[in-house]
2 protein chains.
Amino acid sequence: MPLTVVGSIAFDSVRTPFGERERMLGGSAVHFSLAASFFTTAHIVGPVGEDFGDEHLDLLRSRGVETDDIERREGETFFWRGHYDHDMNVAHTDDTQLNVFADFEPKLSEDSRAADVLFLGNIQPDLQRGVRRLASPLLAALDSMNLWIETARESLSAAIAEVDCVMLNDAEVRMLTEEPNLARAAQKLIAMGPQIVVAKRGEYGAALFTADECFALPGFLLEDVRDPTGAGDSFAGGFLGYLDAAGAEDPDEVDLRRAMAYGTVLASFNVEEFGIERVVRLERDEVESRYAELRRMTHFETAVA
Amino acid sequence: MPLTVVGSIAFDSVRTPFGERERMLGGSAVHFSLAASFFTTAHIVGPVGEDFGDEHLDLLRSRGVETDDIERREGETFFWRGHYDHDMNVAHTDDTQLNVFADFEPKLSEDSRAADVLFLGNIQPDLQRGVRRLASPLLAALDSMNLWIETARESLSAAIAEVDCVMLNDAEVRMLTEEPNLARAAQKLIAMGPQIVVAKRGEYGAALFTADECFALPGFLLEDVRDPTGAGDSFAGGFLGYLDAAGAEDPDEVDLRRAMAYGTVLASFNVEEFGIERVVRLERDEVESRYAELRRMTHFETAVA
């Protein structure tokens, strides 16, 4: 402990079949750090503009998130506008304004450098590598996206070789390795350096691969899914937040699986309401109750002898 | 015990990135009955043409499938040609020749009528209703498809009201109920009559809904998937075959979950090779080993106190 996350801090305008919101606090580092906050202290590193108010900092601090490395700069905060139709697995982007995020050069305070867990959110892979070199975590993880696979494949491969854990959508795992079978694709990533590969599968859950084991969970079956924005980052925050609390150096299979379950739980709360609305008022005992529910939802008895 | 399945008996010509086969024995009733044969005696009801040889009957009988209600008629057997590209969740149909299946009127022998479990494979819903009236099973289940949802919605709704269990792809569950949320859609189906809804999710596994419980399993993570044809029918055969053996009258939650696991196991073997090639030489102890493996692949410990 603690944990550092580098990534986007944003305002999101989102429309889904269940409503819409203008300029909600969002971004990968925000969703991640709020999810991680149930397990550990998260240091958030990223730029914001002059439109980012103290009330947003206060909101993060109210959950114990350390905001000293949020850098306020001239200009406006990263802005994303998007919508979802009935198939909420697919996000449609209507507008992206990078603003202060365009020439982001992450700076880490001593405290952020000293964290046991480092999460490199979805930013340009050379920036991820630069941050990785500044810190000496027990466990470093990264996320990425199709844009970097297409435009910066070599940099991304180098970044992957320098972390312990890769967390990508399953389609990205296949695309990056050019291997259509997920289990084989994950082993190709492991051969590049990381010990842990997590393939996120949207509403269908997530799969975990190490050199020796594989593990999979379905998504938590919910009756209300209002806004999937940030689900993957909430998953990553729950996963790495739990691992940080459990001991990030060489986590064992039992803790990796618990971390997958906590990631699933945090993602499930995140999507029940818009943006961070649900997670920001979530209580730890609700997290534990849903963890137990997820176990009931997925476990079955041994065969009849 | 035993069990009766009504559905297609076919020759399939299939091409995938891993090879191709011409005129393999296939069809929903064939995949279903072979999967069910590990648990119970399956009576298969369906028409074949003059091109259907004794070697095909012998193959089914070698697994203990009862073939007395396979009706040999003038003409050719149902034929399907299709292919899969790298995304093997999507089947591309290149040719369908209904042949003797076009004016199929199912006839059930006394033995077939007396079965404890009846599976109505994906045929026209009025035919399904006709078969349902001929039999008096403890547990009746049906499959269907988008074609019947689009062209025979009223008949299909009536057929659903007359069975205990509905097994559909998740997209079909949403389409039929016009409800985008799977959990809510399943409850709408339950309100139509059945006590059990199984939503099949391709490589992502399956979810089970009853009035009070829900349960979900990911697909078994495989390194070799060569031909997904018949996976859903193999799942249904494993699921209902196990329930027949465990006692089909009002199955409890423990057995429903075990049945979901056996369905997952049989589907996983089915896709590892082309058509029925893998399942036809499968041994019961391999089924049990993979059941135990699936438990290891999906289970996690309780939270740290």
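What comes next concerns the included structure. What you see is a predicted model, and the numbers here were worked out from it, not measured in a lab.

Details of the overall build of chain A
Link 1 in the chain: Each helix and strand counted, chain A has 11 helices and 13 strands in total.
Link 2 in the chain: Here chain A has a C-alpha radius of gyration of 18 Å; the compact-globule value for 305 residues is 19 Å, and the two agree.
Link 3 in the chain: Taking all 305 residues of chain A together, 60% fall into the buried category.
Link 4 in the chain: For chain A, the share of sequence-separated contacts (at least 6 apart) that also reach a separation of at least 24 residues comes to 63%.
Link 5 in the chain: Across chain A, 28 positive and 55 negative side-chain charges occur, with their mean positions spaced 2 Å apart.

Some words on the interface of chain B and chain A
Link 1 in the chain: Counting residues at the interface gives 42 residues for chain B and 42 residues for chain A.
Link 2 in the chain: Counting the surface lost from both chain B and chain A, the interface buries some 4000 Å², and carbon and sulfur atoms represent 56% of this.
Link 3 in the chain: When residues of chain B are sorted by the area they lose upon contact with chain A, B:Tyr204, B:Leu221 and B:Phe300 head the list and together hold 20% of the total.
Link 4 in the chain: Viewed at the interface, chain A and chain B are joined by six salt bridges.
Link 5 in the chain: Counting across the chain B and chain A interface gives 27 residue pairs in polar contact (both at pLDDT 80 or more).
Link 6 in the chain: Of all the secondary-structure elements, those providing two or more residues to the side of chain B that touches chain A are α7 (170-177), α8 (182-191), β12 (206-209), β13 (214-217), α10 (253-272) and α11 (284-298) of chain B.
Link 7 in the chain: Looking at the side of chain B that touches chain A element by element, the count peaks at seven residues for α11(B).
Link 8 in the chain: The residue makeup of the side of chain B that touches chain A, split by class, is 23 nonpolar, six polar and 13 charged.

Let's talk about the pattern of salt bridges
Link 1 in the chain: Counted by the stated rule, this structure contains 45 salt bridges over all chains.
Link 2 in the chain: In this structure, the salt-bridge partner of A:Arg257 is A:Glu253, at a minimum N-O distance of 2.8 Å. Linking A:Arg257 with A:Glu253, this pair stays in helix α10 (residues 253-272), spanning four residues, or about one helical turn.
Link 3 in the chain: B:Glu162 is paired through a salt bridge with B:Arg129; the nearest N and O atoms lie 2.7 Å apart.

Brief notes about a negative patch on the surface
Link 1 in the chain: A contiguous patch of negative charge, built from A:Glu66, A:Asp68, A:Glu110 and A:Asp111, is present on the exposed surface.
Link 2 in the chain: With respect to the helices, strands and loops of the structure, A:Asp111 is situated in helix α3 (residues 110-113).

Points about the pairing of strand β10 (residues 165-169) of chain B
Residue and element names in this part refer to chain B.
Link 1 in the chain: The element β10 is largely enclosed, with a buried count of four among its five residues.
Link 2 in the chain: Note: strand β9 (residues 139-142) against β10, two bridges, orientation parallel. Residue pairing across strands places Leu142 opposite Val166, the latter belonging to β10.
Link 3 in the chain: Here five bridges tie β10 to strand β11 (residues 196-200), and the two strands are oriented parallel to one another. Across the sheet, residue Cys165 finds its bridge partner in β11, namely Ile196.

Considering the state of the cysteines
Link 1 in the chain: This model, assessed by the stated rule, comprises zero disulfides over all chains.
Link 2 in the chain: No disulfide involves A:Cys165; its sulfur sits 16 Å from the nearest other cysteine sulfur, which is in A:Cys214.

A word on the environment of A:Glu154
Link 1 in the chain: Mapped onto the elements of the fold, A:Glu154 is located in helix α6 (residues 153-161).
Link 2 in the chain: Through-space distance from the C-alpha of A:Glu154 to that of A:Pro125 is 9.0 Å; in sequence the pair is 29 residues apart.

Description of the packing of aromatic side chains
Link 1 in the chain: Counted by the stated rule, this structure contains 23 aromatic pairs over all chains.
Link 2 in the chain: Measuring from centroid to centroid gives 5.4 Å for B:Phe101 and B:Phe104, while their planes differ by 25°, and the two rings are stacked.
Link 3 in the chain: Overall, B:Phe101 belongs to the buried group, its relative accessible area being 13%.
Link 4 in the chain: A ring pair is formed by B:Phe235 and B:Phe239, whose centres lie 6.3 Å apart and whose planes are at 15°; its orientation type is stacked. One end of the pair is B:Phe235 and the other is B:Phe239, both in helix α9 (residues 231-246) and four residues apart, which spans about a single turn.
Link 5 in the chain: Pairwise contacts between aromatic rings join A:Phe39, A:Phe215, A:Tyr242, A:Tyr262, A:Tyr291 and B:Phe300 into one cluster.
Link 6 in the chain: When the ring centre of A:Phe220 is taken as origin, the NZ or CZ atom of A:Arg290, which lies over that ring, is 4.8 Å away.

A word on the sheet that holds β12(B)
All names here are of chain B.
Link 1 in the chain: The nine strands are arranged β5-β4-β1-β8-β9-β10-β11-β12-β13 in an open sheet whose pairing can be described as mixed. With partners counted over all chains shown, the strands left at the sheet margins are β5 (70-72) and β13, one partner each. In this sheet, neighbouring strand axes are inclined to one another by 15° on average, regardless of whether the strands run parallel or antiparallel.
Link 2 in the chain: Contacts from helix α4 (residues 125-134) reach β1 (3-6), β8 (117-120) and β9, with the element oriented near 165° to β8.
Link 3 in the chain: α7 rests against β10 and β11 of the sheet, and its axis sits at about 110° to β10.

A short note on unusual backbone geometry
All names here are of chain A.
Link 1 in the chain: The peptide bond linking Met1 to Pro2 adopts the cis configuration, its omega dihedral lying at -10°.
Link 2 in the chain: Mapped onto the elements, Pro2 comes out in the segment before β1 (3-6).
Link 3 in the chain: Backbone geometry at Asp250 places phi at a positive 50°, although glycine is not the residue there.
Link 4 in the chain: Classification of Asp250 as exposed rests on a relative accessible area of 70%.

Side note on the side chain of A:Glu172
All names here are of chain A.
Link 1 in the chain: Counting through the fold element by element, Glu172 comes out in helix α7 (residues 170-177).
Link 2 in the chain: Comment: no salt bridge for buried Glu172; closest opposite-charge side chain is Lys200, at 6.0 Å.
Link 3 in the chain: When neighbours within four sequence positions are excluded, Glu172 is seen to be in contact with Ser144, Met145, Asn146 and Ile149.

Definitions and limits used
Counting starts from 1 at the beginning of each chain's written sequence and moves along it residue by residue. Lettering of chains starts at A and numbering of ligands starts at 1, both following the order in which they are written. Only residues with pLDDT of at least 70 get local features here, since the model is predicted, and only at 80 or more are side-chain atom pairs given and counted; chain-wide, interface and lining totals rely on the full set of residues. Only hydrogens and water are set aside; all other atoms, that is, all heavy atoms of the structure, feed into the side-chain values. Put simply, DSSP marks the helices as runs of H or I at least four residues long and the strands as runs of E at least two long, and each gets a number from the N terminus on. Radius of gyration here uses only the C-alpha atoms, and the compact-globule reference equals 2.2 Å multiplied by the residue count raised to the power 0.38. A simple rule labels every residue: compare its accessible area, found with a 1.4 Å probe on the protein chains alone, to the largest value its type can have, and call it buried under 20%, exposed over 50%, or partly exposed in between. Here, residues are in contact when the closest pair of their heavy atoms is within 4.5 Å. In summary, the charge assignment counts Lys and Arg as positive and Asp and Glu as negative, without counting His or the chain termini. Just so you know, the charge point we use is NZ for Lys, CZ for Arg, CG for Asp and CD for Glu. Computed with a 1.4 Å rolling probe, the buried area is the accessible surface lost when two parts are put together, summed over both parts. Just to be clear on terms, a salt bridge is a Lys or Arg side-chain nitrogen sitting within 4 Å of an Asp or Glu carboxyl oxygen. Pairs of N or O atoms within 3.5 Å make up the polar contacts considered here, provided that, within protein, one atom can donate a hydrogen while the other can accept it, and that residues adjacent in sequence are counted only when both atoms are side-chain atoms. Gly counts as polar in this scheme, as do all residues outside two lists: the nonpolar Ala, Val, Leu, Ile, Met, Phe, Trp, Tyr, Cys and Pro, and the charged Asp, Glu, Lys and Arg. Nonpolar side chains (Val, Leu, Ile, Met, Phe, Trp, Tyr) are joined into patches within 5 Å and like charges within 9 Å, using only residues with over 30% relative accessible area and no salt bridge. What sets the accessible areas is the Shrake-Rupley method with a 1.4 Å probe; for residues, cover comes only from the shown protein chains. Strand pairing requires that DSSP identify at least two bridges connecting the strands. Cysteine sulfur atoms are paired as a disulfide whenever they fall within 2.5 Å. Pairing of aromatic rings covers Phe, Tyr and the six-membered ring of Trp, with a centre-to-centre limit of 6.5 Å; geometry is then stacked below 30 degrees between planes, edge-to-face above 60, and tilted otherwise. Should the NZ of a Lys or the CZ of an Arg lie within 6 Å of a ring centre and within 35 degrees of the ring normal, that charge is described as sitting over the ring. Angles here are taken between N-to-C directions and fall from 0 to 180 degrees, while the axes themselves are lines fitted to C-alpha atoms, restricted in helices to the stretch in contact.

So far we have only geometry, and geometry alone does not tell us how the molecule works.
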